[in-house]
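Listed below are the residues making up each chain.
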Amino acid sequence: MSSLNHCIKFELDVKDENIVFKDYFYKSIKLQRHKIYEAELIQPACPFCGSLDLLHNGHLITNIHYPTANASLPVIIRLAKQRVKCRDCDHWSMAQSELVNKYCSISNASKLKVLSALTEDRSMTSIARENNVSINTVQRVLGNCSHRFIDSYEYLPAHLAFDEFKGVDRQLHFICLDGDNHQVVQILRTRYKKTLLKYFGRFSPQARANVKTVTMDLNFYYQDIVRACFPNAQIVIDRFHMIQMLTRSFNSLRVQVMKTFDKRSRQYQLLKSPWKLYLKKFDELEKVHPRYNWHYKDCLTQAQVVTEGINTSTTLENSYNLMQSFIQAVETGNTHELKSLINCQDQIGTLMHKTLLTFKHNLKAVLNGAALPYSNGCLEGFNRKIKQIERTAFGYSNFTNLLTRIRLEENLYKEKEPNSLLMAA
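What you are looking at is a predicted structure, and each value in this text was computed from that prediction instead of being measured.

(A) Here's a closer look at the overall build of the protein chain. Check the secondary structure of the protein chain and you find 17 helices and twelve strands. Against the compact-globule benchmark of 22 Å for 425 residues, the protein chain has a radius of gyration of 32 Å, which places it well outside the compact range. The principal-axis extent of the C-alpha atoms belonging to the protein chain is close to 100 × 55 × 35 Å. Each charge class in the protein chain was averaged separately, 56 positive and 40 negative side chains, and the resulting centres sit 6 Å apart.

(B) Broad picture of helix H15 (residues 377-392). With 16 residues, H15 extends 23 Å between its outermost C-alpha atoms, agreeing within 8% with the 22 Å of an ideal straight helix rising 1.5 Å per residue. Along H15, the positions that sit buried rather than exposed are Cys378, Leu379, Phe382, Asn383, Ile386, Ile389, Glu390 and Thr392. Residues of H15 that are buried in the fold lie against strand E6 (159-166), strand E7 (172-178), strand E8 (184-188) and helix H16 (399-408). In the segment just after H15, Phe394 is the residue with positive phi, at about 55°.

(C) Inspection of the packing of aromatic side chains at higher detail. By the definition in use, this model includes 17 aromatic pairs. Seen in terms of ring centroids, Tyr221 and Tyr222 are 5.2 Å apart; in terms of plane orientation they differ by 70°. Their pairing is edge-to-face. Tyr222 shares its class with Tyr221; the two are buried. One aromatic cluster in this structure is built from Tyr153, Phe162, Phe174, Tyr199, Phe200, Phe203, Phe220, Tyr221, Tyr222 and Phe230. In this structure, Arg33 packs its charged tip against the face of Tyr26, placed 4.1 Å from the ring centre. Seen from the ring of Phe282, Lys287 lies directly overhead, with NZ or CZ sitting 4.9 Å from the centre.

(D) Focus on the side chain of Arg208. Inspection of the secondary structure puts Arg208 in helix H6 (residues 205-209). Of the side chains with opposite charge, Glu154 lies nearest to the buried Arg208, which makes no salt bridge, at 10 Å. At a separation of 3.2 Å, a polar atom in the side chain of Arg208 contacts the main-chain carbonyl oxygen of Cys229. Once residues within four sequence positions are removed from consideration, Arg208 is found in contact with Leu156, Phe200, Phe203, Cys229, Phe230 and Pro231.

(E) Representation of the pattern of salt bridges in the model. Tallied over the full model, the rule gives 15 salt bridges. Arg227 is the partner of Asp224 in a salt bridge, and the nearest nitrogen-oxygen pair spans 3.4 Å. A residue pair is termed a helical-turn pair when its members lie 3 or 4 positions apart in one helix, as Asp224 and Arg227 do in helix H7 (residues 220-229) at three residues. Between Glu331 and Lys281 there is a salt bridge, with its nearest N and O atoms 3.1 Å apart.

(F) Representation of the environment of Ser123 within the structure. Tracing the chain through its elements places Ser123 in the loop between helix H2 (108-118) and helix H3 (124-131). Counting along the chain gives 131 residues from Ser123 to Arg254, while the straight-line C-alpha distance between them is 45 Å.

(G) A look at the confidence of the model for the protein chain. Summarising the model, the protein chain shows a mean pLDDT of 89, and 95% of its residues fall at 70 or more. Predicted confidence for residues 413-425 stays below pLDDT 50, and this span has 26 contacts to residues more than four positions away or in other chains.

(H) Seen up close, unusual backbone geometry. At Asn132, a residue that is not glycine, the phi angle is positive and equals roughly 55°. Residue position: Asn132 is located in the loop between H3 and helix H4 (135-143). You will see that Phe394, though not glycine, has its phi angle at about 55°, which is positive. Looking at the secondary structure, you find Phe394 in the loop between H15 and H16.

(I) Fine view of the environment of Ala370. Topologically, Ala370 is positioned in helix H14 (residues 363-371). Using a relative accessible area of 8% as the deciding quantity, one classes Ala370 as buried.

(J) Representation of the pairing of strand E4 (residues 75-86) in the model. Most of E4 is tucked away, with nine of its twelve residues classed as buried. Bridge analysis of strand E2 (residues 32-41) against E4 gives seven bridges, and the strand direction is parallel. By the bridge assignment, Leu41 is partnered in E4 with Lys81. Relative to E4, strand E3 (residues 54-66) is paired through eleven bridges, and the arrangement is antiparallel. Note that in E4 the partner of Asn63 across the bridge is Arg78. Pairing between E4 and strand E5 (residues 92-94): three bridges, direction antiparallel. Paired with Arg83 across the strands is Met94, a residue of E5.

(K) Quick peek at the packing of helix H8 (residues 239-258) against helix H13 (residues 350-361). In the contact formed by H8 and H13, the axes pass within 8 Å of each other and the chain directions differ by 160°. Between H8 and H13, the angle falls in the class roughly antiparallel. As for how H8 packs across H13, the hand of that crossing is left-handed. Counted together, Met242, Met245, Leu246, Arg248, Ser249, Phe250 and Ser252 of H8 and Leu351, Met352, Thr355, Leu356 and Phe359 of H13 form the full contact between these two elements. Counted by class, the contact of H8 with H13 contains eight nonpolar, three polar and one charged residues.

(L) How the structure looks around the sheet that holds strand E9 (residues 213-216). Taken together, five strands build an open sheet; the order of strands is E8-E7-E6-E9-E10 and the sheet is mixed. Looking at strand neighbours, the two that pair on one side only are E8 and strand E10 (234-237), the edges of this open sheet. Each adjacent strand pair in this sheet contributes to an overall mean axis angle of 20°, direction not counted. Sitting on the sheet, helix H5 (residues 193-201) touches E6, E7 and E8, and the angle it makes with E8 is about 140°.

What counts, and where the lines are drawn
- In this numbering scheme, every chain counts its residues from 1 along its sequence in written order.
- Owing to the predicted nature of the model, reporting of local features is limited to residues with pLDDT of at least 70; listing and counting of side-chain atom pairs is limited to 80 or more, with chain, interface and lining totals taken over all residues.
- In computing side-chain properties, one takes all heavy atoms of the structure into account and sets aside hydrogens as well as water.
- For the purposes of this entry, the term helix denotes a DSSP run of H or I that reaches at least four residues, the term strand denotes a run of E that reaches at least two, and both are numbered from the N terminus.
- Computation of the radius of gyration draws on C-alpha atoms, with the globule rule given as 2.2 Å multiplied by the number of residues to the power 0.38.
- Within this scheme the basic residues Lys and Arg register as positive and the acidic residues Asp and Glu register as negative, but His and the chain ends are omitted.
- Think of each charge as sitting on NZ of Lys, CZ of Arg, CG of Asp or CD of Glu.
- Any helix carries an expected span of 1.5 Å times its number of residues minus one.
- The classification of residues rests on relative accessible area computed with a 1.4 Å probe and restricted to protein chains. Under 20% of the type maximum is buried, over 50% is exposed, and intermediate values are partly exposed.
- Contact between two residues is taken to exist if any of their heavy atoms lie within 4.5 Å; hydrogens are not considered.
- A pair of aromatic rings is counted whenever rings of Phe, Tyr or Trp (Trp by its six-membered ring) have centres within 6.5 Å, and the orientation is called stacked for planes under 30 degrees apart, edge-to-face for over 60 and tilted otherwise.
- For a ring to carry a charge above it, either NZ of a lysine or CZ of an arginine must fall within 6 Å of the ring centroid while also lying within 35 degrees of the normal to the ring plane.
- Each reported salt bridge corresponds to a side-chain nitrogen of Lys or Arg within 4 Å of a carboxyl oxygen of Asp or Glu.
- Two N or O atoms form a polar contact when they lie within 3.5 Å of each other; inside protein one atom must be a possible hydrogen donor and the other a possible acceptor, and for residues adjacent in sequence the pair counts only when both atoms belong to side chains.
- pLDDT is defined as a per-residue confidence score from the predictor, taking values between 0 and 100.
- Strands are labelled as partners when DSSP assigns at least two bridges between them.
- Geometry is summarised by axes, namely lines fitted to C-alpha atoms with helices restricted to the contacting stretch, and by angles between N-to-C directions that run from 0 to 180 degrees.
- Comment on the angle field: the value is read as roughly parallel under 35 degrees, roughly antiparallel over 145, roughly perpendicular from 65 to 115, and oblique elsewhere.
- If you view the pair so one helix is near and one far, a crossing is left-handed when the near helix is turned anticlockwise from the far one by less than a right angle, and right-handed when it is turned clockwise.
- Throughout this entry, Asp, Glu, Lys and Arg are counted as charged residues, while Ala, Val, Leu, Ile, Met, Phe, Trp, Tyr, Cys and Pro are counted as nonpolar. The remaining residues, Gly among them, count as polar.

See below:
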């Protein structure tokens, strides 16, 4: 073979011995400069009987898009595929190569590069522009990945986390994560109770009996699903959601008390402008260096502001002390203190009383949330990643494409898997 053939094969990383490159040139196509390589694909033997006695009958010219490091100079391989007839078995055939699939003009190397780009947080438009292919090609490569994600119904992790996120058509989709390694177990189109019972009912009894804890928010029917499907699982209420409910209740009471004062009064200004200080832990407030604030025309430390503010109402003071004690008990895992706070009989706000009543109805799960180390923090972070995926793509209208893109960006992409996938496409 000529040295030109070897040089071009080395440059393009083409390893097929049946492809012979003959020449290359530059050509302007649709006002863009292209680099075109001319090559011939040889059929050495009959694919049916293996005979070498072949009758050649022309070529089929195919323009194959090939990846390049310079996106401004697209590369096209003008491949002439030999058409042959076997003299022994009388079968007609055409030369085929691993460079490109049959009846396709996009090289497998380009598809592999597109698939690798789909694992990153990028739009399909930018991926298509970089690889000099159409957006429909990128969508087809994404669609061919969907069948790789087939779940087994013989195993479930010991620790699960349940939640939902907003996806296609602003619907809420169910998501379940492994609480130990933070890998996605499943994402379902809906979060309806009937759908979840049907899905987890497919698992074997041994797999469902392996689940020890399920972490969730205070969604009531999630608990029904856990009791119905996982006989050995403990329900764990996420600590963040407990504290969030309590702080929202206190913040609502603060606004309610604030509105009882005149807008020009000192009490109103103490409760209004520094509202963020009331939601912080008291130990983290500044207690040494006072600062002047023009709202209440005084120099006070952060601790003095909060102390004077809650002293305007006995109910507000009791609610604040309860909230601070509850946060400290959750952080230290003091379940006895937590139980006594939930059964508190002090005068507190109506909304906070309802919150404590909710905790009382789910007392065992709430105490598990404080005692056990599992939480929904990993799930909340993954939901944030899903939101970024949807924001980059300006939303998805196809749930399967969204699910596939989430799985690809979940760092499950492996170099060996796309080769077999692309050959089957």
